[in-house]
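Summary of the model geometry
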Amino acid sequence: MSETPTDSEANRTAETDRRRNTLNTDTMQWVSAIVALAGLGLVAYPFMFEATDTATWNDTLVGTGIFLLAGYNFYRLSKDRLASVGVASLAALLGLWALVSPAVIEMGSSELAMTTAAGGLLVAALSAYNAYANSKADAPDHARARA
């Protein structure tokens, strides 16, 4: 007997591959990179605009956390693995905090309040998308090509 697959087996494998929900890790790397840069922006904003001590600590700690979380997912995606949904969700929560923190904390200037809220909105939206897309994916798109 021959060990070569028949046409029906080849079609079945192609159909199974087509039904798999793969994720393009190159595109998601860009999403994680933008989130990481937004985290760095949050760290820099208190030093660019007039800020209270509380606002400086808040933006620095939240921005550093976002940068580290997004950087971790960037690293995972660069190795053709799916991003961590938990890490992306935590980054989204930190982004939501940055969005609402100007209403809770005295920022010191309206420019700082607006840039913190805008950065938080960007982080929350992109991190939530990252978490959603990675939770729905079965496998990364490039895993087979680089093996």
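For every chain, the first residue of its written sequence is number 1, and the numbers climb from 1 along that sequence. Side-chain atom pairs in this predicted model are given and counted only at pLDDT of 80 or more, local residue features only at pLDDT of at least 70, and totals for whole chains, interfaces and linings cover all residues. By convention in this description, side-chain values take in all heavy atoms of the structure and omit both hydrogens and water.

In the nomenclature of an unreviewed UniProt entry, the protein chain is known as SPW repeat-containing integral membrane domain-containing protein of Halopiger aswanensis.

Description of the nonpolar core
How we decide: What is meant by a nonpolar core is a set of buried Ala, Val, Leu, Ile, Met, Phe, Trp, Tyr and Cys residues, joined one to another through side-chain atoms within 4.5 Å. Only protein chains enter the calculation, and the probe is 1.4 Å; a residue is then buried if its accessible area is under 20% of its type maximum, exposed if over 50%, and partly exposed in between. A run of H or I in DSSP counts as a helix once it spans at least four residues, and a run of E counts as a strand once it spans at least two, with each numbered from the N terminus.
Formed by 24 residues in total, the largest nonpolar core has its most connected members in Leu23, Met28, Val35, Leu42, Ile66 and Met107. Of all the secondary structure elements, the ones that give two or more residues to this core are α2 (25-48), α3 (53-78) and α5 (110-136). At seven residues, α2 tops the list of elements feeding residues into this core.

Quick look at α3
Selection criterion: Under the convention used throughout, the expected extent of a helix is 1.5 Å for every residue step, that is, one less than its residue count.
Between its first and last C-alpha, α3 extends 37 Å over 26 residues, near the 38 Å set by a 1.5 Å rise per residue. One or two residues past the end of α3 sits Asp80, with phi positive at roughly 60°.

Some remarks on the side chain of Thr56
Heads up, the condition is: For this analysis, a polar contact is any N or O atom pair within 3.5 Å, provided that within protein one partner can donate a hydrogen and the other can accept it, and provided that sequence-adjacent residues contribute only side-chain to side-chain pairs. We call two residues contacting when some pair of their heavy atoms lies within 4.5 Å.
Residue position: Thr56 is located in helix α3. Separated by 2.9 Å, the side chain of Thr56 and the backbone oxygen of Thr52 make a polar contact. The contact partners of Thr56, leaving out residues within four places of it in the chain, are Pro46, Phe47 and Ala51.

Looking at the environment of Ser84
Positionally, Ser84 belongs in the loop between α3 and α4 (85-104). Separated by twelve residues in the primary sequence, Ser84 and Tyr72 place their C-alpha atoms 8.5 Å from one another.

Some points on a nonpolar patch on the surface
Definition in use: Patch building starts from residues that exceed 30% relative accessible area and form no salt bridge, then joins like charges within 9 Å and nonpolar side chains (Val, Leu, Ile, Met, Phe, Trp, Tyr) within 5 Å. Here the Shrake-Rupley method, with its probe set to 1.4 Å, supplies the accessible areas, and only the displayed protein chains count as covering residues. Salt bridges are counted wherever a side-chain nitrogen of Lys or Arg sits within 4 Å of a carboxyl oxygen of Asp or Glu.
Together, Leu90, Leu93, Leu96, Trp97, Leu99, Val100, Val104 and Leu121 make up an exposed nonpolar region whose accessible area comes to about 700 Å². At seven residues, the largest contribution of residues to the nonpolar patch is made by α4. Along the polypeptide, Leu90 turns up in helix α4. You can call Leu90 partly exposed: its relative accessible area is 41%.

Remarks on the packing of α3 against α4
Here is the rule: Angles here are taken between N-to-C directions and fall from 0 to 180 degrees, while the axes themselves are lines fitted to C-alpha atoms, restricted in helices to the stretch in contact. The scheme is simple: roughly parallel for angles under 35 degrees, roughly antiparallel for over 145, roughly perpendicular for 65 to 115, oblique for anything else. Crossing chirality is assigned from the near helix's rotation relative to the far helix, an anticlockwise turn below a right angle marking it left-handed and a clockwise turn marking it right-handed. Only Asp, Glu, Lys and Arg are considered charged, only Ala, Val, Leu, Ile, Met, Phe, Trp, Tyr, Cys and Pro nonpolar, and every remaining residue, Gly among them, polar.
Put simply, α3 and α4 touch, their axes get as near as 9 Å, and they point 155° apart. One element, α3, and the other, α4, form an angle in the roughly antiparallel class. In terms of crossing hand, the pair formed by α3 and α4 is left-handed. Taken together, the residues of α4 that come into contact with α3 (itself represented by Asn58, Val62, Gly65, Ile66, Leu69, Tyr72 and Asn73) are Val87, Ala88, Leu90, Ala91, Leu94, Gly95, Trp97, Ala98 and Ser101. Its residues placed into classes, the contact of α3 with α4 shows eleven nonpolar, five polar and no charged.

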